[in-house]
Amino acid sequence: MSQGSQAGAATGAGGNSGARARGRAVGFAVVGAGLVGPRHAEFATKAEGAVLRVVCDLREDRGRVLADKLGAEWVPDFHEVVQREDVQVVNVCLPTALHLEVATAAAEAGKHVMVEKPLDLIECAAGAAADRRLPT
Ligand SMILES: NC(=O)c1ccc[n+]([C@@H]2O[C@H](COP(=O)([O-])OP(=O)(O)OC[C@H]3O[C@@H](n4cnc5c(N)ncnc54)[C@H](O)[C@@H]3O)[C@@H](O)[C@H]2O)c1
């Protein structure tokens, strides 16, 4: 993780309160709050040194509810999420057809990316994206 210095004040529930209190926690955003996203979001609240900052879902009844439950912020637009300075890791839990678009946007914004498999439905598109050199 290379962006720890960008981490702002901690706000999430659970997890490593010491690291968060010192403002050095790694900020996570979970994009997609359907079946799988809530489990990833919960893990982010419990992982050592991590804090869940954002839950992103187009649906307020999923995104806001999960964010409120876990002490994070609901943001419906993933473009906004990947630009946030307090988010270092973007965890993509969207329908498969959206994985590559969101993962690429996050990587191009300098974020670490976790993505539910597969990266894309078309093997060559996923391979080309993986091979592309991203800004450091
Ligand atoms: N469900 C499972 O048991 C399971 C297991 C392993 C892997 N996966 C993989 O995990 C991924 C997610 O699966 P799921 O079952 O949680 O899907 P889901 O359809 O239950 O949830 C996806 C969520 O993404 C939201 N969404 C859609 N477009 C969006 C956008 N542009 N911006 C923000 N939010 C948007 C939807 O509102 C929905 O809440 C898939 O790739 C799936 O293959 C699922």
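Everything numeric here is computed off the predicted structure, so don't read it as measured data. (Residues numbered from 1 in each chain as written. Predicted model: local features only at pLDDT ≥ 70, side-chain atom pairs only at ≥ 80, totals over all residues.)

1. Details of helix H3 (residues 60-70)
Every α-helical turn comprises 3.6 residues, leaving residues that sit three or four positions apart pointing alike.
Then, in step 1: Those residues of H3 that sit buried are Gly63, Leu66 and Ala67. One side of H3 holds all its buried residues, which, seen down the axis, span an arc of 100°. Away from the buried face of H3 by more than 90 degrees, exposed residues Glu60, Asp61 and Asp68 are located.
Then, in step 2: Residues of H3 that are buried sit in contact with helix H2 (37-46), strand S2 (50-56) and strand S3 (73-74).
Then, in step 3: Among the residues trailing H3, glycine 71 stands out with phi positive, at a value near 75°. (Buried ≥ 20, exposed ≤ 12 C-beta atoms within 10 Å, placed from the backbone. Helix = DSSP H or I, 4+ residues; strand = E, 2+ residues; numbered from the N terminus. Arc of directions from axis to C-beta. Contact = placed C-beta atoms within 7 Å.)

2. Brief notes about the site of the ligand
Then, in step 1: Residues in close proximity to the ligand total 19 residues, the closest being Gly32, Gly34, Leu35, Val36 and Glu116.
Then, in step 2: The residue inventory of the shell around the ligand, partitioned by class, reads 11 nonpolar, four polar and four charged. (Near = placed C-beta within 6 Å. Nonpolar A, V, L, I, M, F, W, Y, C, P; charged D, E, K, R; others polar.)

3. Focus: the confidence of the model for the protein chain
Reading predicted coordinates in detail is not appropriate for stretches of low pLDDT.
Then, in step 1: Summarising the model, the protein chain shows a mean pLDDT of 84, and 79% of its residues fall at 70 or more.
Then, in step 2: Confidence drops under a pLDDT of 50 for residues 1-16, and excluding neighbours within four residues, the segment shows 47 contacts in the predicted structure. (pLDDT = per-residue confidence, 0-100.)

4. Quick word on the environment of valine 65
Then, in step 1: Relative to the assigned elements, valine 65 resides in helix H3.
Then, in step 2: In this structure valine 65 comes out as partly exposed when scored by C-beta crowding, with 16 C-beta atoms within 10 Å.
Then, in step 3: For valine 65 and valine 55, which are 10 residues apart along the polypeptide, the C-alpha to C-alpha distance reads 9.3 Å.

5. So, the sheet that holds strand S1 (residues 26-31)
Then, in step 1: Read from one edge of the open sheet, five strands run S3-S2-S1-S4-S5, paired in parallel fashion. Looking at which strands have only one partner, the edges of the open sheet turn out to be S3 and strand S5 (112-115).
Then, in step 2: In this structure, strand S4 (residues 89-92) lies alongside S5, joined through four bridges in parallel fashion. Bridge pairing in S5 places asparagine 91 opposite methionine 114.
Then, in step 3: On top of the sheet, H3 reaches S2 and S3; it is set at about 160° to S2, its chief contact. (Pairing = 2+ DSSP bridges. Axes fitted to C-alpha atoms, helices over the stretch in contact; angles between N-to-C directions.)

6. Focus on the pairing of S2
Then, in step 1: Counting buried residues along S2, seven of its seven residues qualify, which places the element largely inside the surrounding structure.
Then, in step 2: Note that S1 and S2 share six bridges and pair parallel. Across the sheet, residue valine 31 finds its bridge partner in S2, namely cysteine 56.
Then, in step 3: Across two bridges, S2 lies against S3 in parallel orientation. Bridge assignment links valine 55 to a residue of S3, and that residue is tryptophan 74.

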